[in-house]
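Residues per chain, in single letters:
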Amino acid sequence: MASSLDIKAPVDGVLVALDAVPDPVFAGGTLGEGLAIDPLGNTLHAPCDGEIVHCARTAHAVTLRSTGGVELLVHLGLDTVNLDGAGIELLVEAGQWVEAGEPLLRFDADQVAQQAMSLITPLIIAEPSGWRLTSLDTQKSGETVRQGEVIMRLEAPAASPNVAPESDEASPRQTQEVTRDVILALAAGLHARPAARLRAIAHEQDVDLELVHDETHVDARSLSRLMNMGLVEGDRVTLIARGECATTALDAAERLLSEAEADEPVASAAEVPTAEAGAGQLAGLVASQGLVVGPLHHYVAALPTVPQAGDDPAHERAALGEALEKVGHSLKTALAQAKRGARSSEAEILEAHLAWLDDPALREAAEGYIDSGRSAGQAWKEALDDEAARLQATGNKLLAARVADLRDLQRQVMACLGTASSMPQVPAGAIVIADDLTPSELTALAAQRLAGICLVAGGTTSHVAILARARGLPCLVAMGTVLESAEGDMAILDAERGLLEPQPDSASLETMRKRIAESERARDADRESAKQPATTRDGRTIEVCANVAGGAEATLAAQDGADGIGLLRSEFLFLDRESAPSVDEQRGEYQAALDALGGKPVVVRTLDIGADKQLSYLPLPSVANPALGVRGIRLWASHAELLESQLRALLALQPLDALRIMLPMVSGVGELRALRQRLETLAGELGVSRLPQLGVMIEVPSAALCAASLAAEADFLSVGTNDLTQYTLAMDREDPGLAAQLDVLHPAVLRLIKTTVEGAAGRCPVGVCGAAASDPLALAVLVALGVDELSVEPSRVPAVKASLRELDAGALAEQLSAWLDLDDGATVRERLKSWLEAPVVA
Ligand code: PEP
Ligand code: MG
């Protein structure tokens, strides 16, 4: 056997260093060392002689093994697994021998480039088998190479240059065996996290690690077997390690098992909800205001539907393998992102999920079910059901809590093998408790007439929160605690003070019912007067418009007395479907909103996709900071066709002078100019002579600071306080840990809003369409800063109008300049509260 192995370029193309590949799984080296090529051709060729050991079902990746045992992964493009083979033709099959340069797969470069994240093709040494990479042509990064040119060289292992590296099975590691007894000091027993760490230690030190207890031997590679040992604090366990680094591995394992574990992550100061929870109460952040009493219902999304019976077992095993690989890939991407973002507790959970996914015992159990006739999806379901039952039966609370993680994995893998299921039924009038919800889950749940929502995760400006407010559905988020109350228990949800009280006594129930009746009376009175304009005590009339997702909500807004639609979030038309809506479909929805408002202004925001709002049919590059990436108006550079169809639908509306078009995520006036030019050209083509008004959102600090130049060319500005707060404070609006600090009343955010109003003065009006417009305290400050319009959830229009009528905006404005020098949002909030509560001097 040769002592060196040349790896040749599989295609003509431009060399890309692996760490420059825009995918953390490759860039971070998780899959191994290597290089990438941005291909100029349309066929990938074998980089060396070898046996094809794996071809992805989706044809995008091929692994081959050289005679020396080196395994090379040739991976066409990034995220190409999602193409499901479209545009790719596999030219080899597993088991086949290929010579260097033989074609492996052919692809339609245009189709793959358009539909995948990137064509950049990594070439990874997935299994070096002891071979050492001696030449890595990263210095050539950026240079063009020809197919067949040598781009990497590996040297054979020095100790056995003429022998193929041995696999574990062929020669178990006998080099050194070390044994040690350890008393378990983990208060919670051997649960998922330490089990995952044990497994990692074995992997890092390259040893076989076994745990022995009560004569049961368990291989540390199996997370489930480790956990199923049911080890508790005080148990004596024998550790056996085999391999060169056996002693080092045992030192680490002993430290792990014999030292008391650091506590489970507890809520940091930032995670502590705003209200103090009394005995028997749980606190959260108010995402949508309201008071309700109702039975608790724990919501768990239905499992995807999978066929019961399987096909040929070999086929089902392969399908299971593919699904596990796919889920593993997305977990690794999420893990790399969590690590980059220093979100260590999230990273640990993802690591545990990955370990579970890799667990040979779980896979064996599922394959056992496949052999008895189940489909891959059903087999995985049953294997994980069994595992969950075993964890629950241990009686260990921490292990039982991991069942939720297991269910998560169960769902993710089944989703790759089946179809989504319909929504579970929720009892009418229930208070729904869930870990988190997607926007589409919330929409479907809301249709079932539930009373309120409590989420363990989430933030007050997340899209779920926005949807809850739009429906007037009381909602608490970022509760941070797993709610363990029994199904059907009566509870009070006070989404004014941010408290959930399961099993209240009869006196509390009575008090709450009185408060509910009072607030309903107040709401009815507000609704009566909502049709009238809202004029402050010092004589300023503020337009109170509504934020809606489409025509149906626009009808509710008109009934609630909205002076117009201040924000129609058009992206809701594009979510939860297989492809983008047609021009006609869009026109129908926008026209319904215009019709509902009967000539009052309707602001339609062009598609705002990216970051937390993703479309399955529009894969965006997975980048480390999506909120700082391609989103909102930036999308048009790469997806002009979407803008084109949206503008066509908008220009077909009647009457056009009621329509206003608004652009999201604008960071400078150039974007507005380009869009106006596009709109004018299109209007010319369509024979539209009078253009609708064109405005921009002020959502990023640069737009606020340059408001004067934007206002000189825009017809209106609208401050998106949700994003403006996120970008000003550099706090993710979706991060529950930061939700309590993400305060629009932070002096920095207020200063930017002030700059916006001053920049626009005399040029164009300024509105606010972020959540702050309906925050009873913040809205007063916004008006005092000089904004002309507030746009709020339809159900909040009456209350906002009522509170504006109580406000002396001029008097508040006199206080403001001093408040802009305060330390933080909480201090501003305190001052504001005292000022608003002080008796009015006539
Ligand atoms: C905002 O950012 O305040 C806004 C209204 O836009 P969205 O919440 O849809 O991002
Ligand atoms: Mg926004």
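Identification of the protein chain as phosphoenolpyruvate--protein phosphotransferase from Chromohalobacter canadensis is taken from an unreviewed UniProt entry. Its UniProt record gives the protein chain a comment under Sequence similarities (unreviewed entry), which states: "Belongs to the PEP-utilizing enzyme family."

## Describing the sheet that holds strand β2 (residues 13-17)
Taken together, eight strands build an open sheet; the order of strands is β9-β5-β6-β7-β11-β3-β2-β13 and the sheet is antiparallel. Taken across any chain shown, the strands that pair with only one partner, and hence form the sheet edges, are β9 (97-98) and β13 (144-145). Pairing of strand β3 (residues 33-39) with strand β11 (residues 121-127), which is carried by five bridges, proceeds in the antiparallel orientation. Looking at β11, one finds that Ala 36 is bridged to Pro 122.

## Quick notes on the nonpolar core
Judged by nonpolar contacts, the single largest core of 127 residues is most densely connected at Leu 717, Leu 790 and Leu 804. At eight residues, the largest contribution of residues to this core is made by helix α24 (residues 778-785). Here this core spans two domains, since at least three of its residues come from each of domain 3 (275-300 + 424-522) and domain 5 (539-837). Those residues in contact with Leu 804 that sit more than four places away from it in its chain are Ala 534, Thr 535, Thr 536, Arg 537, Ile 542, Val 544, Leu 779, Val 783 and Leu 790. The next biggest cluster of nonpolar side chains, apart from the first, holds 55 residues, and it includes Ala 319, Leu 320, Tyr 369 and Met 414.

## Quick look at helix α15 (residues 551-559)
Each α-helix turn comprises 3.6 residues. Residues three or four places apart therefore point the same way. Among all positions of α15, only Gly 551, Glu 553, Ala 554 and Ala 557 are buried. Viewed end-on, α15 has its buried residues packed into an arc of 155°, placing them on one side of the element. The first or second residue beyond α15 is Gly 561, which carries a positive phi of 90°.

## What about the coordination of the magnesium ion (ligand 2)?
The protein atoms that coordinate the magnesium ion (ligand 2) are Glu 699 (OE) and Asp 723 (OD), at distances spanning 1.9 to 2.0 Å. You can see Glu 699 sitting in the loop between β32 (693-698) and α20 (701-705) and its partner Asp 723 sitting in helix α22 (residues 721-729), a full 24 residues away along the chain. We note that Glu 699, like Asp 723, is buried.

## Here we look at the packing of α15 against helix α17 (residues 583-597)
Where α15 contacts α17, the two axes come as close as 8 Å, and the packing angle between them is 10°. Looking at the two axes, α15 sits roughly parallel to α17. Residues Gly 551, Ala 552, Ala 554, Thr 555 and Ala 558 of α15 touch α17, and the partners they reach there are Glu 589, Ala 592, Ala 593, Ala 596 and Leu 597. Here the contact of α15 with α17 is composed, by residue class, of seven nonpolar, two polar and one charged.

## Quick look at α22
In terms of residue burial, α22 counts as a mostly covered element, since eight of its nine residues are buried. Among the residues making up α22, those that are buried are Thr 721, Asn 722, Asp 723, Leu 724, Thr 725, Gln 726, Tyr 727 and Leu 729. Positive phi appears at Ala 730, one or two residues downstream of α22, with a value of about 55°.

## Comments concerning unusual backbone geometry
Geometrically, the link from Gln 654 to Pro 655 is a cis peptide bond, its omega value of -15° lying close to zero. Assignment of secondary structure puts Pro 655 in the loop between α18 (640-651) and β31 (659-663). For Asp 206, which is not glycine, the phi dihedral falls at a positive 55°. When you line up the elements, Asp 206 lands in the loop between α3 (192-205) and β16 (208-213). The phi torsion at Glu 215 lies on the positive side, around 65°, for a residue other than glycine. Secondary-structure assignment places Glu 215 in the loop between β16 and β17 (216-219).

## A short note on the side chain of Asp 526
Within the secondary structure, Asp 526 is located in helix α14 (residues 506-529). One buried charged side chain, Asp 526, makes no salt bridge at all; its nearest oppositely charged neighbour is Arg 805, positioned 6.3 Å away.

## What about the site of ligand 1?
For ligand 1, the set of nearby residues contains 16 residues, the closest of which are Arg 569, Arg 605, Gly 720, Asn 722 and Arg 733. Residue Gly 720 places a main-chain N or O atom 3.4 Å away from an oxygen atom belonging to ligand 1. The separation between an oxygen atom of ligand 1 and a polar side-chain atom of Arg 733 is 2.8 Å. For ligand 1, the protein covers 100% of the area, taking 290 Å² as the surface of the free molecule. Contributions of two or more residues to the shell around ligand 1 are made by α13 (463-470), β29 (565-569) and α22. By residue number, the principal contributor to the shell around ligand 1 is α22, which donates three residues. By residue class, the composition of the shell around ligand 1 is four nonpolar, five polar and seven charged.

## Focus on the packing of helix α26 (residues 809-819) against helix α27 (residues 825-837)
Running from N to C, α26 and α27 cross one another at 155°; their axes reach a closest spacing of 11 Å. By the angle class used here, α26 and α27 are roughly antiparallel. Seen along the crossing, α26 lies across α27 with a hand that is right-handed. Contact residues: α26 offers Ala 811, Leu 812, Gln 815 and Trp 819, while α27 offers Val 828, Arg 831, Leu 832 and Trp 835. Taken together, the residues of the contact of α26 with α27 sort by class into six nonpolar, one polar and one charged.

## Digging into the environment of Arg 449
Here Arg 449 is to be found in the loop between α12 (439-446) and β23 (452-455). Each C-alpha atom of the pair Arg 449 and Ala 428 lies 5.2 Å from the other, and the pair is 21 residues apart in sequence. Each residue touching Arg 449, except ones within four places of it in the same chain, is listed here: Ala 428 and Gly 429.

## Some thoughts on the pattern of salt bridges
Here the structure, examined in full by the defined rule, presents 38 salt bridges. Between Arg 146 and Asp 12 there is a salt bridge, and its shortest N-O distance comes to 3.6 Å. Pair noted here: Arg 146 is in the loop between β13 and β14 (150-155) and Asp 12 is in the loop between β1 (4-8) and β2, with a separation of 134 residues, a long-range link. Note on Arg 146: relative accessible area 55%, which makes it exposed. Given a relative accessible area of 24%, Asp 12 falls into the partly exposed group.

## Some thoughts on the sheet that holds β17
Strand order in the open sheet formed by four strands is β15-β18-β16-β17, and the pairing between neighbours is antiparallel. Two strands close off the open sheet at either side, each with one partner strand: β15 (177-183) and β17. Averaged over all pairs of adjacent strands, the angle between strand axes in this sheet comes to 25°, irrespective of strand direction. Contacts from helix α5 (residues 246-258) reach β15, β16 and β18 (236-242), with the element oriented near 10° to β15.

## Examining the pairing of strand β6 (residues 61-65)
Of all five residues in β6, four are buried; the element is thus mostly enclosed. Looking at chain direction, strand β5 (residues 50-55) and β6 are connected through four bridges and run antiparallel. Following the sheet pairing, Glu 51 is matched in β6 by Arg 65. Hairpin connection, β5 to β6: the antiparallel pair is bridged by five residues, and Ala 59 has positive phi, about 65°. Bridging between β6 and strand β7 (residues 71-75) involves five bridges; their strand directions are antiparallel. Residue Thr 63 lies in a different strand from β7, and its bridge partner there is Leu 73. Where β6 folds back onto β7 in an antiparallel hairpin, the turn is made up of five residues, including Gly 69, whose phi is positive at roughly 95°.

Basis of the calculations
- Residues numbered from 1 in each chain as written.
- Chains lettered and ligands numbered in written order.
- Predicted model: local features only at pLDDT ≥ 70, side-chain atom pairs only at ≥ 80, totals over all residues.
- Heavy atoms only, no water.
- UniProt positions renumbered as here; feature names shortened; annotations may be inferred.
- Pairing = 2+ DSSP bridges.
- Helix = DSSP H or I, 4+ residues; strand = E, 2+ residues; numbered from the N terminus.
- Core = buried A, V, L, I, M, F, W, Y, C linked by side-chain atoms within 4.5 Å.
- Buried < 20%, exposed > 50% of the residue type's maximum accessible area, 1.4 Å probe, protein only.
- Domains from an automatic or database assignment.
- Contact = heavy atoms within 4.5 Å.
- Arc of directions from axis to C-beta.
- Donors = N, O, S within 2.8 Å, 3.2 Å for Na, K, Ca; no water.
- Axes fitted to C-alpha atoms, helices over the stretch in contact; angles between N-to-C directions.
- Parallel < 35°, antiparallel > 145°, perpendicular 65-115°, else oblique.
- Nonpolar A, V, L, I, M, F, W, Y, C, P; charged D, E, K, R; others polar.
- Lys, Arg positive; Asp, Glu negative; His and termini not counted.
- Salt bridge = Lys/Arg side-chain N within 4 Å of Asp/Glu carboxyl O.
- Near = heavy atom within 4 Å.
- Polar contact = N/O pair within 3.5 Å; in protein donor to acceptor, adjacent residues only side chain to side chain.
- Areas by Shrake-Rupley, 256 points an atom, 1.4 Å probe, with all protein chains shown as cover.
- Left-handed = near helix turned anticlockwise from the far one by under 90°.

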